[in-house]
Amino acid sequence: MHPPSKPTSGRWQDGLKAALQPLDPTALVVHVPSIDSTNTELMRRAREGDTRTCLLWADAQTAGRGRLGRQWHTQAGDALTFSLGLMFAPQSWSGLSLAVGCCLVQCLDPTGEHGLGLKWPNDLVLGRAQSMRKLGGILIETVVRSGEPEPGRYAVIGVGLNLSAPSHTDMRLPPAGLRESLGPDWQAEAVLSTLLPKLVFGLQRFTQQGFEAFAPSFAQRDALFGARLRLSNGQEGVAAGVDAQGVLRLNTPEGVRSVHSDEVSVMEANA
């Protein structure tokens, strides 16, 4: 897979706006050199009443956030960090982060030859089980908007992807970079322009069909399947995929358990 040739700045912005057209013909595209967090900024705007569809991406983040409030800092040129904010009304929200992950990995590694996968509930990884390294993550936050004609929910879908593996990190998994698999010439704007049309199509599909439409794709990319896991509450078991709502299934001596929100870690093979 080769990166697209880099267009001029104006044409590139036009291309991103065109990709957003199916969601909202008036969608905004905003690029900033540095920001605390793209998710934080769009959430701040939404709470102040600005719920326009907006793609916000930054060359660097000084206070990026991951799941459970973990910090995720990026340097310019080493990562792609962006957030897409939009009014969103799927029939069910369950499994949205997994569906977004499916869109991303299918776009970047359509045949699976590079080993890109997904770690429940919101990580993009390289490799499986004990050999997993983290490529990036997805953070979805919402703001409820009241008013006419009826209340709605503004969703902010944040994506962070390492282009080069950071040398210092507090991630629970060892880091990896996309350039290891896709080649050294990939830049943030090329990755974004490649991902965005697939993401927009996926969000439309999720609105209509929910996670169930993505379940087969997730099963093919499930980096935890068959691995022995330990939950944050101390329980152990073997990962058995996810159900039609994106809930993790864990085989335990007491039977199959549904895992909705616990932290999971992969146990050593001889543990």
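Treat the numbers as computed from the prediction; the structure is a model and nothing was measured. Throughout, a residue's number is its position along its own chain's written sequence, starting from 1. A pLDDT threshold of at least 70 governs which residues receive local features in this predicted model, and a stricter bar of 80 or more applies before side-chain atom pairs are shown or counted, although totals over entire chains, interfaces and linings include all residues. The basis for the side-chain values is all heavy atoms of the structure; hydrogens and waters are excluded.

A. Geometry of helix α2 (residues 38-47). To sort residues, take the accessible area from a 1.4 Å probe on protein chains only and compare it with the maximum for the residue type: under 20% means buried, over 50% means exposed, and anything in between is partly exposed. The numbering of helices and of strands both runs from the N terminus, where a helix is a DSSP run of H or I of at least 4 residues and a strand a run of E of at least 2. Of all the positions in α2, only Thr38, Asn39, Glu41, Leu42, Met43 and Ala46 are classed as buried. The term polar contact refers here to a pair of N or O atoms within 3.5 Å; inside protein, the definition further demands a hydrogen-donor-capable atom paired with an acceptor-capable atom, and it admits residues adjacent in sequence only when both atoms are side-chain atoms. Capping the start of α2 is the job of one residue whose side-chain oxygen sits 3.3 Å from the backbone nitrogen of Asn39: Ser37.

B. Focus on the sheet that holds strand β8 (residues 228-231). In this analysis, strands are considered paired if DSSP registers two or more bridges between them. An order of β11-β10-β9-β8-β12 is seen for the five strands of this open sheet, with the pairing classed as antiparallel. Each of the sheet's edge strands pairs with one partner strand only, and the pair in question is β11 (255-259) and β12 (264-266). When strand polarity is set aside, the average angle formed by the axes of neighbouring strands in this sheet is 45 degrees. As paired elements, strand β9 (residues 236-242) and strand β10 (residues 248-252) share three bridges and run antiparallel to each other. If you follow Val238 over to β10, its bridge partner there is Asn251. Geometry is summarised by axes, namely lines fitted to C-alpha atoms with helices restricted to the contacting stretch, and by angles between N-to-C directions that run from 0 to 180 degrees.

C. Just helix α3 (residues 96-108), in detail. Here, expected helix span is obtained from the residue count minus one, scaled by 1.5 Å. Look at α3: 19 Å from first C-alpha to last across 13 residues, which is about the 18 Å you get at 1.5 Å a residue. Buried within α3 we find Leu96, Ser97, Leu98, Ala99, Val100, Gly101, Cys102, Cys103, Leu104, Val105, Cys107 and Leu108.

D. Structural view of the sheet that holds strand β7 (residues 152-162). Taken in spatial order, the seven strands make up an open sheet running β1-β2-β3-β7-β6-β5-β4, and their pairing is mixed. The open sheet has two edge strands, β1 (28-35) and β4 (116-119), and neither has a second partner. Going across the sheet, the axis of each strand differs from the next one's by a mean of 20 degrees, ignoring polarity. Pairing of strand β2 (residues 54-61) with strand β3 (residues 79-87) involves five bridges; the strand directions are antiparallel. If you follow Cys54 over to β3, its bridge partner there is Gly85.

E. Expanded view of the packing of aromatic side chains. In this scheme Phe, Tyr and Trp rings, the latter by its six-membered ring, pair at centre separations within 6.5 Å, and the angle between planes marks the pair as stacked below 30 degrees, edge-to-face above 60, and tilted otherwise. According to the stated counting rule, one finds four aromatic pairs in the structure shown. With a centroid separation of 5.5 Å and an interplanar angle of 80 degrees, the aromatic rings of Phe88 and Trp93 are classed as edge-to-face. What makes Phe88 buried here is its relative accessible area of 6%. Residue Trp93 is classed as partly exposed on the basis of its relative accessible area, which comes to 25%. Summarising the aromatic geometry, the rings of Phe211 and Phe218 are spaced 6.3 Å apart at their centres and angled 70 degrees between planes, so their arrangement reads as edge-to-face. This pair shows no difference in class: Phe211 is buried, exactly as Phe218 is. Connected via pairs of aromatic rings, a cluster forms that spans Phe88, Trp93, Phe206 and Phe214. Lying over the aromatic face of Trp93, Arg153 brings its terminal NZ or CZ to 4.7 Å of the ring centre. For a ring to carry a charge above it, either NZ of a lysine or CZ of an arginine must fall within 6 Å of the ring centroid while also lying within 35 degrees of the normal to the ring plane.

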